[in-house]
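Listed below are the residues making up each chain.
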Amino acid sequence: MSTYQFNYLDQLESESIYILREVAGQFERPALLFSGGKDSIVLAHLASKAFRYGKIPFKFVHIDTGHNFPEVLHFRDKLVAQIEVDLIVRKVEDTISKRKLTEPKGKFPSRNWLQTFTLLDTIEEFELDACIGGARRDEEKARAKERIFSVRDEFGQWDPKLQRPELWNIFNGRIHKGENVRVFPISNWTELDIWNYIRRESIELPSIYFSHEREVIDLNGQWIANSPYADLDSDDIITTKKIRYRTVGDMTCTAAVESDAATIDRVIEEILATRISERGETRIDDRVTEAAMEDRKKGGYF
């Protein structure tokens, strides 16, 4: 690894640790939203470094859609036990029942749109004033509009036109009662930065990030996992492919890419060669409309 790259990763790490410490200093009840995906795993690693001589001063929260990859849930539980943090799990299924929401229909029904209700209920239940997330600005253009400290109103909604300046790394966490702040410590990282950092720090990841064989179905040129949550037609063809996942979401809305990359070095080689963002290539629910993510974020989605 070159000296420049080493120093660049150090700079990103230092900035993220500073932001995490600002969260601990400015807020009373912060939480880290943890999915078991690579970005939230990197955040957990950064939090362990930021508070290495004591307990991480915030809870981890997982909004569980019920359509998760089993490998990711297993890894989630293993990691939170290792770093000794409190994990809060709230299920979208319970929210559907409680609020009498309509269960999504279709061949690959995604509950991603319903996560917002569960997240807002969880924020209210635990009176969370800050939620830390792993969004990066190279993922999707709506996320590029976010500040590092992004204020939500008392209804959990986001207005991209009402954001605070963040000059000289000064972050304003002042909020009124009922409001909360979404915090993005790795805003300035890219997918390639994440993987280079994972390699440098020897961070363990769920196995689905590396090449493996899995039963999949072709959906308009994208490979979707054959899972208990899919409602397949009789003419759907199930095939076995060597694939890996660039991002982790529901089994019903996250497409895999064909890949032989079984090591971090090979994954990094693939990322260097691609010209499509990970969400652009693999997240079906982001393709509903051009502004799909922004519409969800305005309503309270993370």
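What you are looking at is a predicted structure, and each value in this text was computed from that prediction instead of being measured.

Thresholds, definitions, all that
- Residues take numbers from 1 onward in each chain, read along the sequence in its written order.
- Where totals are concerned, whole chains, interfaces and linings use all residues; where local detail is concerned, this predicted model gives features only for residues with pLDDT of at least 70, and gives and counts side-chain atom pairs only at 80 or more.
- Processing note: side-chain calculations cover all non-hydrogen atoms of the structure and skip hydrogens and water entirely.
- Throughout, the protein atoms alone are placed on a 1 Å grid, and a set of points is a cavity if a 1.4 Å probe fits but cannot get out or a pocket if it is open with protein on both sides within 12 Å along at least five of seven lines; lining residues have an atom within 4 Å of a point.
- Grid points are joined across faces, edges and corners, and a volume is the space filled by probe spheres set on the points.
- Each helix is a run of H or I in the DSSP string that is no shorter than four residues. Each strand is a run of E no shorter than two, and both are numbered from the N terminus.
- Basically, the charged four are Asp, Glu, Lys and Arg, the nonpolar ten are Ala, Val, Leu, Ile, Met, Phe, Trp, Tyr, Cys and Pro, and anything else, Gly included, counts as polar.
- Side-chain atoms alone can form a polar contact between residues adjacent in sequence; in general such a contact is a pair of N or O atoms within 3.5 Å, and within protein one must be able to donate a hydrogen while the other accepts it.
- Here, two residues are considered to be in contact whenever any of their heavy atoms come within 4.5 Å of each other.
- Here a helix's expected span is defined as the number of its residues, less one, multiplied by 1.5 Å.
- Using a 1.4 Å probe on the protein chains alone, a residue whose accessible area is under 20% of its type maximum counts as buried, one over 50% counts as exposed, and one in between counts as partly exposed.
- An arc is given here, and it is the one of the directions from the helix axis to the C-beta atoms.
- Strand pairing requires that DSSP identify at least two bridges connecting the strands.
- To obtain an axis, a line is fitted to C-alpha atoms, over the contacting stretch when the element is a helix, and the angle between two such axes runs from 0 to 180 degrees between their N-to-C directions.
- In what follows, salt bridge is the name for a side-chain nitrogen of Lys or Arg lying within 4 Å of a carboxyl oxygen of Asp or Glu.
- When an angle is under 35 degrees it counts as roughly parallel; over 145 it counts as roughly antiparallel; between 65 and 115 it counts as roughly perpendicular; any other value is oblique.
- Two helices cross in a left-handed way if the nearer one is turned anticlockwise from the farther one by less than a right angle. They cross in a right-handed way if the turn is clockwise.

A word on the layout of surface pockets. Of the voids in this model, the largest pocket is the one considered here, and its volume is about 490 Å³. Lining the largest pocket are 21 residues; nearest its centre among them are E127, L128, K177, G178 and E179. Among the elements that make up the lining of the largest pocket, the one with the highest residue count is helix α5 (residues 115–126) (three residues). Partitioning the lining of the largest pocket into residue classes produces six nonpolar, six polar and nine charged.

Attention now goes to the side chain of D129. Along the chain, D129 falls in the loop between α5 and β4 (130–132). Within the local environment of D129, its side chain forms a polar contact with the backbone nitrogen of E28, the two atoms lying 2.8 Å apart. For D129, the residues in contact, after removing those within four places along its chain, are F27, E28, R29, P30, I175, N180 and V181.

We now examine helix α3 (residues 70–83). Given a rise of 1.5 Å per residue, 14 residues ought to cover 20 Å, and the 20 Å separating the end C-alpha atoms of α3 matches this to within 8%. Among all positions in α3, only V72, F75, R76, L79 and V80 are buried. All buried residues of α3 lie within an arc of 125 degrees about the axis, which places them on one face of the element. Among the exposed residues of α3, those pointing more than 90 degrees away from its buried face are P70, H74, A81 and Q82. Among the structural elements, α2 (38–50), β2 (59–64) and β3 (87–91) are those in contact with the buried residues of α3. In the stretch just after α3, E84 is the one whose phi turns positive, near 60 degrees.

All right, on to α2 then. Given a rise of 1.5 Å per residue, 13 residues ought to cover 18 Å, and the 18 Å separating the end C-alpha atoms of α2 matches this to within 8%. Judged by how many residues are buried, α2 sits mostly within the fold: ten of 13 residues are covered. Every buried residue of α2 is listed here: K38, D39, S40, I41, V42, L43, A44, L46, A47 and A50.

A separate point is the sheet that holds strand β10 (residues 255–258). Spatial strand order, β7-β8-β10-β9: four strands in a closed barrel with antiparallel pairing. Pairs of neighbouring strands in the sheet enclose a mean axial angle of 65 degrees, with direction left out of account. In terms of strand pairing, strand β7 (residues 212–219) meets strand β8 (residues 222–225) through four bridges, oriented antiparallel. Looking across to β8, one finds that L219 is bridged to Q222.

If you trace the backbone, L119 turns up in helix α5. Spatially, the C-alpha atom of L119 lies 9.1 Å from that of V61, the residues being 58 residues apart in sequence.

So, on to the pattern of salt bridges. One side chain can pair with another of opposite charge once the charged atoms of both are near each other. Going through the model one piece at a time under the given rule, you end up with 25 salt bridges. Here K91 and D64 are joined by a salt bridge, their closest N and O atoms 3.4 Å apart. Here the residue K91 occupies a position in strand β3, and D64 occupies one in strand β2, the gap between them amounting to 27 residues. A salt bridge links K107 to D236; its shortest N-O distance comes to 2.9 Å. In this pair, K107 is assigned in the loop between α4 (92–99) and α5 and D236 in the loop between β8 and β9 (238–244), connecting sequence segments 129 residues apart. In this structure K107 comes out as partly exposed when scored by relative accessible area, which is 26%. Residue classification places D236 among the buried positions, given a relative accessible area of 18%. One network of salt bridges, in which partners are shared, links D10, E13, K49, R200 and E201.

Taken together, the six strands give an open sheet; going across it, the order is β3-β2-β1-β4-β6-β5, and neighbouring strands pair in mixed fashion. Each having just a single partner strand, β3 and β5 (149–152) make up the two edges of the open sheet. Within the sheet, the average angular offset between the axes of one strand and its neighbour, ignoring direction, is 30 degrees. Against the sheet, α5 touches β1 (30–33), β2, β3, β4 and β6 (180–183), its axis set at about 135 degrees to β3.

Turning to its location among the elements, L32 is positioned in strand β1. With sequence-adjacent residues up to four places away left out, L32 is seen in contact with L43, F58, K59, F60, V61 and I132.

Let us look at the packing of helix α6 (residues 191–201) against helix α7 (residues 264–273). Think of two packed helices as two axes; the pair is described by the angle between the axes and how far apart they sit. Running from amino to carboxyl end, α6 crosses α7 at an angle of 165 degrees, the nearest separation of the two axes being 10 Å. Looking at the two axes, α6 sits roughly antiparallel to α7. Judged by the twist between their axes, the crossing of α6 over α7 is left-handed. Mapping the contact onto sequence places E191, L192, W195, N196, I198 and R199 in α6 and I264, D265, V267, I268, I271 and L272 in α7. Partitioning the contact of α6 with α7 into residue classes produces eight nonpolar, one polar and three charged.

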